[in-house]
Amino acid sequence: MHPSLNTFFEPVRKKIFFPIFFLFLLFFVFYLIDPNLLLNKMAFFHEILLNRSASSIVLLGLLLLGLSIACLFLPFGNIKIGGTKAKPIVTKVQWFAISFSTSISAGIIYWSCSEPLIYFSKPPPFLTQAQNFQEKIAIITGILWNHWSFAVYAIYTIPTITLAYLIYNKNLPVSLSSIFIGLGFDNKVKHLRSSIDTMCIFIMIAGMASSLATGILMLSGFVEDLAHIPTTPRNLGFFCSCIVVCFIISSISGLMKGIKWLSFINVFLMLIMAVMFLSLNKIENAPQILGESGAYSVRYLLNTGIQSIQNEVGEWSKKWTVFYWSSWIAWAPLTAIFLAQLSYGYRVKDMILMNFLYPSLITVFWLLLTSSTALNINLQENGLLSQMALSATPQKIMSNILNYFPFPILAKFLVLISGCVCFVTTADSNTTVLAQLSIKQSSKSKLVKKVNIAMKVVWGTCVGFIAWVMSAYLGIDGLRILNNVSALPAIILFLFVILRFLKIVTVEEFQGNSKIYGKFKSMKTFLNKEAKPR
């Protein structure tokens, strides 16, 4: 074997790397033979996800939300990731910017205007109870919170905390299989680690490629609107190549040079867009709307939770809430590996603030701005935008709304650049994790700064090629179905994540606290003595 190839393959975990390529090769062969059959099979599993797993997904999301809130007040929140002597690799400002940019910021840029218009045109059952337009804004904003804010960030936060604790405090490998260690599967995990990582990487590549493909379609729509360049397979391939080259370069440059500055740029651009939305739409009674939105959000979550316990989740909730949450569940496990490494040297309570509370609050205000702006413009246009939202793409709706801004061309350009930065940042972080899981690890490779560069290039190119094929030939509906189908095995993984998290909080850290555990043992000894017959 050529020396350069030997250098590449020597650290590679071949039991993971080659099976995944074989699986995707089968996928493409299957698609080339009969694409309609492939779409029908995906739709079948998608139907199973929405109908038979809806209650499980809702209850899972609510449980993760509750655990995230509880961590703010539990003694476990004071545990330092990596031990008392661990020093952070990023500042808190850098941490927040990266965490926010690598999770869902790309989605809220494009969907935060079209989604409220869809709800306005095809209202959920409880929206018909609204007495006036302001109440409709509050209800719709509250629904958006559930799809993009607190519950979503909770889905990312709990696996992030669990993996960070296991990797850096228990010195376990950077692998999702580490979750099963300590649950009675220790011997089996050693033999199944490669299989578990292979499954998770396959799911992640499918979700990552479908998300990137959806983003390419949206970005190409903006380019077509601005420069009148048509959306063709060749042009989609060019856009995809540009994004792939950008996130590979960013990934190779390292955490402190690539993704850090891209995250800062993304946050800065979103701040500029927020000011633009605020200048166009001065929200009256904002505190009142925020309060009402919060109340409707909690009310909807409680009602949906009760329906889930009774296994009677409504059709609207299946179509929207279950659809979104299953998508985040599919994304969360491998994203959590990346976010866990950023938390090195910080407390668990800091992780809750940076990965859950602060991003959720920022998203809440962003959704209030965008949804109220879209609905007010729609009111001025006598419902034209809400009717358009039923058939047009999110990019088209956003583009039409930006036409009402004082400088529409500049606004569209900012949205285009911000969207590109978001997708590059997300792909950068996930490519880093894919590379980490594909190579043999040492103690140094546990830090996100120490990752095989060649492996990043391979996975980045692979994901980019898959995304181009999907965007050019699969269609946006097929992409969304594929993204959600990958959530089915992730749901099972999340059950073990919760069990491992609860064991950490209730058993391991309880016993590790010498003061509390010492008092508990003393009390137990005393009670045993008192119970003995004299």
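For the structure itself, consult the block above.
A brief structural summary. (Residues numbered from 1 in each chain as written. Predicted model: local features only at pLDDT ≥ 70, side-chain atom pairs only at ≥ 80, totals over all residues. Heavy atoms only, no water.)

Some remarks on the overall build of the protein
Helix and strand counts for the protein stand at 21 helices and zero strands. Within the span of the protein, comprising 534 residues, buried residues form 56% of the whole. Pairs at least 24 apart in sequence give 85% of the contacts found in the protein among residues at least 6 apart. About 23,000 Å² of surface is accessible on the protein, with carbon and sulfur atoms providing 66% of the total. (Helix = DSSP H or I, 4+ residues; strand = E, 2+ residues; numbered from the N terminus. Buried < 20%, exposed > 50% of the residue type's maximum accessible area, 1.4 Å probe, protein only. Contact = heavy atoms within 4.5 Å. Areas by Shrake-Rupley, 256 points an atom, 1.4 Å probe, with all protein chains shown as cover.)

Quick word on the environment of Asp-186
In this structure, Asp-186 sits in helix H9 (residues 186-227). Ignoring any residue separated from it by four or fewer positions in sequence, one finds Asp-186 in contact with Phe-180 and Ile-181.

Some thoughts on unusual backbone geometry
Phi angles above zero are rare outside glycine, and Asn-171 is one such case at about 55°. Residue position: Asn-171 is located in the loop between helix H8 (150-169) and H9. We note that His-228 has phi near 60°; this positive angle belongs to a residue other than glycine. As for its position among the elements, His-228 is in the loop between H9 and helix H10 (233-253). According to the relative accessible area criterion, His-228 is exposed, its value standing at 67%.

What about the pattern of salt bridges?
Enumeration according to the criterion identifies three salt bridges in this entry. For Lys-92, the salt bridge goes to Asp-350, with nearest N and O atoms at 3.5 Å. Taken together, the positions of Lys-92 in helix H5 (residues 92-101) and Asp-350 in helix H14 (residues 348-380) put the pair 258 residues apart, joining distant regions of the chain. Given a relative accessible area of 39%, Lys-92 falls into the partly exposed group. Of the charged contacts in the structure, one is a salt bridge between Glu-315 and Lys-318, with a shortest N-O distance of 3.6 Å. Here Lys-318 and Glu-315 lie together in helix H13 (residues 315-342), a separation of three residues that amounts to about one turn. Since its relative accessible area comes to 58%, Glu-315 is described here as exposed. Residues joined in a network through salt bridges with shared partners are Lys-92, Arg-347 and Asp-350. (Salt bridge = Lys/Arg side-chain N within 4 Å of Asp/Glu carboxyl O.)

With respect to the nonpolar core
Within the largest apolar cluster, 164 residues are counted, with the highest numbers of intra-cluster contacts made by Phe-76, Ile-205, Trp-325, Leu-334, Ile-401, Leu-434 and Trp-459. In terms of residue count, H13 provides more of this core than any other element does, 16 residues in total. Dropping the residues within four chain positions of it, Trp-459 is found in contact with Phe-17, Ile-20, Phe-21, Ile-201, Ile-205, Thr-431, Leu-434, Ala-435 and Ser-438. (Core = buried A, V, L, I, M, F, W, Y, C linked by side-chain atoms within 4.5 Å.)

Concerning the state of the cysteines
Here, the word disulfide means a covalent bond between the sulfur atoms of two cysteines. According to the stated counting rule, one finds zero disulfides in the structure shown. Left without a disulfide partner, Cys-246 is nearest to the cysteine sulfur of Cys-242, which lies 6.7 Å away. Overall, Cys-246 belongs to the partly exposed group, its relative accessible area being 42%. (Disulfide = S-S within 2.5 Å.)

Here we look at the packing of helix H16 (residues 394-402) against helix H17 (residues 408-438)
The contact between H16 and H17 brings their axes to 9 Å, and the two run at 145°. Both H16 and H17 take part in a crossing whose hand is right-handed. Contact with H16, carried on its side by Met-398, Ser-399 and Leu-402, involves Pro-408, Ala-411, Lys-412 and Val-415 of H17 and no other residues of that element. Along the lines of polarity and charge, the residues of the contact of H16 with H17 split into five nonpolar, one polar and one charged. (Axes fitted to C-alpha atoms, helices over the stretch in contact; angles between N-to-C directions. Left-handed = near helix turned anticlockwise from the far one by under 90°. Nonpolar A, V, L, I, M, F, W, Y, C, P; charged D, E, K, R; others polar.)

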